[in-house]
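Read off the chains here:
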Amino acid sequence: NAGVTQTPKFRILKIGQSMTLQCTQDMNHNYMYWYRQDPGMGLKLIYYSVGAGITDKGEVPNGYNVSRSTTEDFPLRLELAAPSQTSVYFCASSYSGRDHEQYFGPGTRLTVT
Amino acid sequence: KQEVTQIPAALSVPEGENLVLNCSFTDSAIYNLQWFRQDPGKGLTSLLLIQSSQREQTSGRLNASLDKSSGRSTLYIAASQPGDSATYLCAVGSARQLTFGSGTQLTVLP
């Protein structure tokens with residue numbers, strides 16, 4: 001199993017550009033999550049999904065969109081990138097929301113200039 | 001709103017020492033608590049998951065405890081090694097998400 005994979009690893013965007021961060025898991029997990037981590041800080045939840053076709057906002061959803069058309073994939077879309085979105089983005093998955101640990105991808109380091 | 005605090009923010013110890021990392025949280029209505037390790041520029045590796053009904057979990061040299069009533073968890077590392085140097089994050093689980101602390105950056109000196 002590859003676990004949770006994310007692409008790209010690094011990206012530089014100009015202000016106002018858009019991009020999609022890809023996330024795929026091969027563990028047949030129902031729950032998937034997107035977090036961002038700013039320097040010296042813990043992770044904050046952006047969006048999560050409890051299954052294909054079901055998504056919900058986390059703590060910091062503004063400026064982002066998600067979709068979940070399959071169990072495996074959970075892409076994160078940034079529209080009109082802003083410098084405040086410079087961060088490291090982590091995707092995670094778990095079998096369920098309460099009794100199972102979350103498994104994390106390697107992250108995408110995004111810089112908006 | 002759940003808040004998670006980890007103190008100290010950084011810790012430096014000589015090799016071989018036993019050490020304790022602390023995590024406190026404000027809302028005791030949790031489902032679980034998870035400890036992670038993060039190496040520089042890398043993702044998170046899960047170390048231990050403690051369910052709300054459990055008091056502790058052990059894995060090798062690591063032991064994590066949970067006291068829900070006082071809103072505290074500790075991660076005990078025995079016989080520390082330079083390879084243990086990393087940032088350790090605790091995260092408190094509600095029904096649908098984890099709330100993270102800011103982490104403790106551990107350096108184990110040879």
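My aim in this report is to walk through the structure given alongside it, one point at a time. Just so you know, these numbers come straight off a predicted model, no measurement behind them.

### A closer look at the overall build of chain A
So, step 1. Along chain A, the regular secondary structure elements total zero helices and 11 strands.
So, step 2. When the elements of chain A are put in sequence order from the N terminus, they spell out β-β-β-β-β-β-β-β-β-β-β.
So, step 3. Computed over C-alpha atoms, the radius of gyration of chain A comes to 13 Å, within 12% of the 13 Å expected from 2.2 N^0.38 for 113 residues, which places it in the range of a compact globule.
So, step 4. Along the longest, intermediate and shortest principal axes, the C-alpha atoms of chain A span 40 × 30 × 25 Å.
So, step 5. Within chain A, the proportion of its 113 residues that are buried is 47%.

### Re the nonpolar core
Residues and elements named next belong to chain B.
So, step 1. With 22 residues, the main nonpolar core has Phe25, Leu33, Trp35, Leu75, Ile77, Tyr88 and Leu106 as its most contacted residues.
So, step 2. Secondary structure elements with two or more residues in this core: strand 3 (19–25), strand 4 (32–38), strand 5 (44–51), strand 7 (62–67), strand 8 (72–77), strand 9 (86–93) and strand 11 (104–109).
So, step 3. Among residues more than four places away in sequence, those in contact with Tyr88 are Gln6, Leu21, Phe36, Arg37, Leu47, Leu75, Ile77, Gly103, Thr104 and Leu106.

### Examining the interface of chain A and chain B
So, step 1. With 22 residues of chain A in contact, the opposing surface of chain B contributes 22 residues.
So, step 2. Buried area between chain A and chain B, both sides added, is near 1700 Å², and the carbon and sulfur share of it is 50%.
So, step 3. Counting across the interface, chain A meets chain B through one salt bridge.
So, step 4. A salt bridge links Glu59 of chain A to Lys1 of chain B; its shortest N-O distance comes to 3.3 Å.

### Side note on the pattern of salt bridges
So, step 1. Counted by the stated rule, this structure contains five salt bridges over all chains.
So, step 2. Arg36 of chain A is the partner of Asp38 of chain A in a salt bridge, and the nearest nitrogen-oxygen pair spans 2.9 Å.
So, step 3. Here Asp38 of chain A falls in the partly exposed class, since its relative accessible area comes to 27%.
So, step 4. Under the relative-accessibility criterion, Arg36 of chain A is labelled buried at 11%.
So, step 5. Taking the shortest distance from any N to any O, the salt bridge between Asp39 of chain B and Arg37 of chain B comes out at 3.0 Å.

### Examining the sheet that holds strand 3 of chain B
All names here are of chain B.
So, step 1. With antiparallel pairing, the five strands of this open sheet are ordered in space as 1-3-8-7-6. Looking along the sheet, the strands with just one partner apiece sit at the ends: strand 1 (4–7) and strand 6 (56–59). Taken over all neighbouring pairs, the strand axes of this sheet differ in orientation by 15 degrees on average, direction set aside.
So, step 2. With six bridges connecting them, strand 7 and strand 8 associate as antiparallel partners. Of the residues in strand 8, the one forming a bridge with Ser65 is Thr74.

About the cut-offs
- Residues numbered from 1 in each chain as written.
- Chains lettered and ligands numbered in written order.
- Predicted model: local features only at pLDDT ≥ 70, side-chain atom pairs only at ≥ 80, totals over all residues.
- Heavy atoms only, no water.
- Helix = DSSP H or I, 4+ residues; strand = E, 2+ residues; numbered from the N terminus.
- Rg over C-alpha atoms; globule rule 2.2 N^0.38 Å.
- Buried < 20%, exposed > 50% of the residue type's maximum accessible area, 1.4 Å probe, protein only.
- Core = buried A, V, L, I, M, F, W, Y, C linked by side-chain atoms within 4.5 Å.
- Contact = heavy atoms within 4.5 Å.
- Buried area = accessible area lost by both parts, 1.4 Å probe.
- Salt bridge = Lys/Arg side-chain N within 4 Å of Asp/Glu carboxyl O.
- Pairing = 2+ DSSP bridges.
- Axes fitted to C-alpha atoms, helices over the stretch in contact; angles between N-to-C directions.

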